[in-house]
Amino acid sequence: MKKFLFADLDDTLFQTLEKCAVREGLEPAAYYGDGSVCSLTTPAQRAFFTFASEGMTVIPTTARSLDAFRRVDLGFTSYAILNFGGVILLPDGSIDRDWQGTMHDKMTAALPGLQELAARIDAWADDTGFKGRARLVEDAGTPFFVVVKDPGKVAANLLPIEDEVVRPWIADGRQDYCVHRNGNNLAILPTSLDKANAVAWVTGRLRREHGEIITFGMGDSRSDARFMADCDYAIIPRRTQLAKLTVEAL
C-alpha cells in the first residue's frame, strides 16, 4: 500500500535562521528572489526528510506562491499544493487546470471583500502610524488572500489590527472569511480557500491512480490542522503553534 505525506514547508520542514533552535549544521533549503538564503534545515529535519522520502511520497502543502515554491531546494517529485490550497501542481510541474478553474471562480467572488478589508486596514494604518500595509496575494492569475506583516517583525504589533479591524469586520456579516495568525503573519482568507479542500482533491486523484493508500499530514500551525485531521495520521513538530495548542498543552 502506497504512503503519502502531505507536509507544510515553512516552520515544518525548514525555517528562517531566527527560528532555528539549533545553530550548528544548518543547510540552505529555500532562497529569496535575489538568490540569498531564506530558510534552513537542521540536521534533524534533513534526517526526517530522508526517512520520510524513503518510505513515502512527500507532497508539499504550503501557503507559498508558485514563485516562492520554485525557490525551495528539497527535490519534490509528486503533486504540490500551494497558496493555502489555491493552486495544485501536477507531478510534471504544470498547474491542475480543473482545480484552478474552480478556485478562480470562488476567489473572484471573494475579491471585493478582500479589497474592502485591505482598504480598511490601510486606513487604520494611516490613522495610527502603523508602517505596514495590507497586501493582496495573487498567483496564477487568481487573487487569494490578504496578508499584513509588521515591518519591524514585532508580531505583537499585529494584535490591534486583528482585534480592532479584522475580527469586527468578519463579525459584521462576513462569515465567508477567516483569520490565520502565526507570528509576524496575519492573513485573511476566504473560507473556501483551505488546504484541506486541496488535500481531499489530491487524495482522490491518488486513490484513483493507486487504489487504497495511507496518508500522513504534517504541519506547524492552526491553519494546517484541518488537512492533518483528514489524513490517517498526523505529525506535529515540537515548539510550534500547533504543538503548543495540542500535545504540549496536555
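*Asks:* Give me the overall build of the protein: which residues, what numbers.
*Replies:* Each helix and strand in the protein was counted, giving seven helices and 12 strands. Taken over C-alpha atoms, the radius of gyration comes to 18 Å for the protein, in line with the 18 Å a tight globule of 250 residues would show. Seen through its principal axes, the protein has C-alpha atoms that stretch 55 × 45 × 45 Å. For the protein, with 250 residues in total, the buried portion stands at 47%. Counted over contacts in the protein with a minimum sequence separation of 6, partners at least 24 positions apart contribute 55%. Working note: accessible area of the protein is about 12200 Å², and carbon and sulfur atoms make up 52% of it.

*Asks:* Break down the sheet that holds strand E12 (residues 233-235) for me, with residues and values.
*Replies:* Reading across the sheet, the four strands line up as E4-E1-E11-E12 and stay open at both edges, with parallel pairing between neighbours. Among the strands making up the open sheet, the edge pair consists of strand E4 (57-60) and E12. Taking each pair of neighbouring strands and ignoring which way they run, the sheet shows an average axis angle of 25 degrees. Judged from the six bridges that link them, strand E1 (residues 2-7) and strand E11 (residues 213-218) form a sheet pairing that is parallel. In the strand pairing of E11, Ala-7 is matched with Met-218.

*Asks:* Can you break down the side chain of Thr-215 residue by residue, with the values?
*Replies:* The topology assignment puts Thr-215 in strand E11. Look past the residues within four positions of Thr-215 in its chain and what remains in contact with it is Phe-4, Phe-6, Thr-203, Cys-231, Asp-232 and Tyr-233.

*Asks:* Please set out helix H3 (residues 97-128) residue by residue, giving values where relevant.
*Replies:* Because each turn of an α-helix spans 3.6 residues, side chains separated by three or four positions in sequence point in the same direction. Residue Ala-110 marks the point of greatest curvature in H3, where the axis turns by about 40 degrees; the proline Pro-112 follows within four residues. Of the residues that open H3, the one with a side-chain oxygen 3.2 Å from the backbone nitrogen of Asp-98 is Asp-96. Where H3 ends, the next residue or the one after it, Gly-129, has phi of about 85 degrees, a positive value.

*Asks:* Residues and numbers for helix H5 (residues 195-210), please.
*Replies:* Helix length check: H5, at 16 residues, gives a terminal C-alpha distance of 22 Å against a target of 22 Å (1.5 Å per residue), a fit within 8%. What H5 keeps buried is the set Lys-195, Ala-196, Ala-198, Val-199, Val-202, Thr-203 and Leu-206. Along the axis of H5, the buried residues cluster in a sector spanning 150 degrees; they form a single face. Put simply, Asp-194 is the residue that caps the front of H5, since its side-chain oxygen is 2.8 Å from the backbone nitrogen of Ala-196.

About the cut-offs
Residues numbered from 1 in each chain as written. Predicted model: local features only at pLDDT ≥ 70, side-chain atom pairs only at ≥ 80, totals over all residues. Heavy atoms only, no water. Helix = DSSP H or I, 4+ residues; strand = E, 2+ residues; numbered from the N terminus. Rg over C-alpha atoms; globule rule 2.2 N^0.38 Å. Buried < 20%, exposed > 50% of the residue type's maximum accessible area, 1.4 Å probe, protein only. Contact = heavy atoms within 4.5 Å. Areas by Shrake-Rupley, 256 points an atom, 1.4 Å probe, with all protein chains shown as cover. Pairing = 2+ DSSP bridges. Axes fitted to C-alpha atoms, helices over the stretch in contact; angles between N-to-C directions. Bend = angle between axes of the 7 residues up to and from the residue. Polar contact = N/O pair within 3.5 Å; in protein donor to acceptor, adjacent residues only side chain to side chain. Expected span 1.5 Å × (residues − 1). Arc of directions from axis to C-beta.

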